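The primary structure of each chain is shown beneath.
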Amino acid sequence: MADIIVLEKMNKFYGTYHALKDVDLTIAKGEKVVVCGPSGSGKSTMIRCINRLEEHDSGRIVVGGEELTDDEKKIDLVRREVGMVFQSFNLFPHMTVLENLTLAPRLVRKMATGEAEAIAMKYLTRVRIPDQASKYPSQLSGGQQQRVAIARALCMNPEVMLFDEPTSALDPEMISEVLDVMTDLAREGMTMVCVTHEMGFARSVADRIVFMDQGEIVEVSTPAEFFAAPKSERARTFLGQILAH
Amino acid sequence: MSFDLSLIAVSLPKILQGLGLTLNLLAVSTLFGLILAVGILLMRLSRRAWLVWPAKAYIYFFRGTPLLVQLFVIYHGLPQFGFIRQSVLWPLLREPYWCSVIALSLNTAAYVSEILRGGVLGVDKGLIEAGKALGLSKFQRTSRITAPLAVRLALPAYSNEIVSMLKSTALASTVTLMEMTGVARTIVADTFAPYEIFIAATIIYLVLVWIIQTGFTLVETYANRHVRKT
């Protein structure tokens, strides 16, 4: 399978703080990768480098054959093909759900409004809230907002979906409705990179688990290996902490 | 002291003869001020120091000195210079109306650019990132996300500034303009009845402020229709 994301010796600094250290990771088309690790380990920073919400300081990032540099045109090309879902939903509050979904297809893909709305309704149906199309984000629950955010990213028909802790801001009873949508998406063959603490989701959906700590990728393994017999001491400690209760 | 209620009633229609000029000064200066403010805002938000620095200096100067002094400098001060009297601007600068419009516009632009900057800074950074992640260009992010949300955030402070501007137009009476306060001062000079006349003027100003406030409340309610009522 073709590699859709390649990170090579990627380093990232915040001032003197070394946030990502020689990160190497290759993700194939159709693969589902879950990134986990303690807070401050660089998970979000790494995933945000993939669509250049953060700039890396050295090394290479190649997404869909395009290397990310200062070239704004290439950055825009990559962003069109990479959908992202944020912890805090980030729906545009002054637009209805339907307007949120059709904005980028209309402006970026130059799609006619009717066509964009038809696609939006298709994805709203897939995330099971077609009846909320004319509401504003503030009128929806957190779980519904996050499903709208997933649908918004899908409307651009991306090659890859990035999820940055998509359930961390949700009330517990709403987590499963979002994970269900993500699981459906994985079954349909979407390439996914998910930063999450939902280990049940990781176990059932991930092809590989990437464990990070202190800005480094400490280990990469299958869920079966990772949960049964983590190779590193740091992963064992981490799993002990999050699975203790 | 005698107090003559009927004098208020008599002077009200006379003072209202200055209403047109008051509203004219307000509308024209607000419009020019807003256009200028957007320019200063863009400079102030730029990453280039040579754009930021003049914008900061402008804001500091016009917020840091009294509007009355600014008006006097433009009306009484500038004509002292021969090159001003020879310049293409002289036909404007010798008119008290345009001196007032210039002073009011330059002054309000400094405040409004800061009000708008507050709005821009108040827009959730996550929304801009969401726009980036969707592939929107910088211009598209600014026009579709930052600007509409910043304007909504700035509306309450902006309505305050318009009310403040209405009252500032009274300063134009110091450079001979017969707007409402100018008319009121003339009547006072004729009648020696400052209480009644200025109370009449006060009533008109309060009615105008009420109209402005109500107007902005309606606009804010409409602009924030997406916000859940709790």
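Named according to an unreviewed UniProt entry, chain B is Amino acid ABC transporter membrane protein 2 (PAAT family) originating from Shinella granuli. The UniProt entry for chain B carries the following comment under Sequence similarities (unreviewed entry): "Belongs to the binding-protein-dependent transport system permease family. HisMQ subfamily."

As annotated in an unreviewed UniProt entry, chain A carries the name Amino acid ABC transporter ATP-binding protein (PAAT family) and is attributed to Shinella granuli. Turning to chain A, the UniProt annotation filed under Sequence similarities (unreviewed entry) states: "Belongs to the ABC transporter superfamily."

UniProt feature "transmembrane region" (unreviewed entry): in the numbering of this structure it lies at residues 20-45, 57-78 and 197-219 of chain B. The annotated region residues 20-45 of chain B carries 100% helix and 0% strand content, and the separation between its end C-alpha atoms amounts to 37 Å.

Let us now look at the domain arrangement of chain A. Residue and element names in this part refer to chain A. Domain annotation for chain A reports domain 1 (1-40 + 54-70 + 207-244) and domain 2 (85-193). Between domain 1 and domain 2 the total buried area reaches about 680 Å² when both faces are included, carbon and sulfur atoms providing 61% of it. For the pair domain 1 and domain 2, the interface holds 1 salt bridge. Between lysine 29 and glutamate 159 there is a salt bridge whose closest N-O contact spans 2.7 Å. Looking at the side of domain 1 that touches domain 2, the elements that each hand over two or more residues are β1 (3-14), β2 (17-28) and β3 (32-36).

On to the UniProt feature "domain: ABC transporter" (unreviewed entry) in chain A, then. Here the UniProt feature "domain: ABC transporter" (unreviewed entry) sits at residues 5-239 of chain A. Along residues 5-239 of chain A one finds 39% helix and 26% strand; the C-alpha atoms at either end are 27 Å apart.

Here we come to the pairing of β1 of chain A. All names here are of chain A. Of the pairings in the sheet, the one linking β1 to β2 comprises 8 bridges and is antiparallel in character. Of the residues in β2, the one forming a bridge with aspartate 3 is alanine 28. In sequence, β1 turns back onto β2 through a hairpin of 2 residues, with glycine 15 there showing a positive phi of about 65°. Sheet topology note: the β1/strand β4 (residues 58-63) ladder contains 5 bridges and is antiparallel.

Right, let's get into the sheet that holds strand β8 (residues 191-195) of chain A. All names here are of chain A. What the 6 strands build is an open sheet, ordered β6-β7-β8-β3-β9-β10; its pairing is mixed. Here the strands that pair on one side only, and so sit at the sheet edges, are β6 (82-85) and β10 (216-221). If you compare each strand with its neighbour and ignore which way they point, the axes differ by 20° on average. Here 5 bridges tie strand β7 (residues 160-164) to β8, and the two strands are oriented parallel to one another. The partner of methionine 161 across the bridge, within β8, is methionine 192. The strands that helix α6 (residues 172-187) touches are β3, β7 and β8; relative to β8, the one it contacts most, it runs at about 145°.

Bringing the UniProt feature "domain: ABC transmembrane type-1" (unreviewed entry) in chain B into the picture now. Taken from the UniProt record, the annotation "domain: ABC transmembrane type-1" (unreviewed entry) applies to residues 19-216 of chain B. As a span, residues 19-216 of chain B carries 83% helix and 0% strand, and end to end its C-alpha atoms are 20 Å apart.

Residues and elements named next belong to chain A. Pairing in this open sheet of 4 strands is antiparallel, and the strands run β2-β1-β4-β5 from one edge to the other. Looking at the sheet topology across the chains shown, the edges are occupied by β2 and β5 (66-67). Where helix α1 (residues 43-50) meets the sheet, its contacts fall on β1, β2 and β4, and the angle it forms with β1 comes to roughly 125°.

What follows is about the layout of surface pockets. Roughly 1500 Å³ of volume is contained in the largest pocket. As for the largest pocket, its lining consists of 36 residues, of which Ile128, Lys138, Arg141, Thr142 and Thr146 of chain B are closest to the centre. Of all the secondary structure elements, the ones that give two or more residues to the lining of the largest pocket are α2 (72-81) of chain A together with α2 (19-45), α7 (96-122), α8 (125-133) and α9 (138-168) of chain B. Among the elements that line the lining of the largest pocket, the one with the most residues is α9 of chain B, at 10 residues. In terms of residue class, the lining of the largest pocket is built from 19 nonpolar, 4 polar and 13 charged.

What counts, and where the lines are drawn
- Residues numbered from 1 in each chain as written.
- Chains lettered and ligands numbered in written order.
- Predicted model: local features only at pLDDT ≥ 70, side-chain atom pairs only at ≥ 80, totals over all residues.
- Heavy atoms only, no water.
- UniProt positions renumbered as here; feature names shortened; annotations may be inferred.
- Helix = DSSP H or I, 4+ residues; strand = E, 2+ residues; numbered from the N terminus.
- Domains from an automatic or database assignment.
- Buried area = accessible area lost by both parts, 1.4 Å probe.
- Salt bridge = Lys/Arg side-chain N within 4 Å of Asp/Glu carboxyl O.
- Pairing = 2+ DSSP bridges.
- Axes fitted to C-alpha atoms, helices over the stretch in contact; angles between N-to-C directions.
- Contact = heavy atoms within 4.5 Å.
- 1 Å grid on protein atoms, 1.4 Å probe; cavity = no way out; pocket = protein on both sides within 12 Å on 5 of 7 lines; lining within 4 Å.
- Points joined across faces, edges and corners; volume = space filled by probe spheres on them.
- Nonpolar A, V, L, I, M, F, W, Y, C, P; charged D, E, K, R; others polar.

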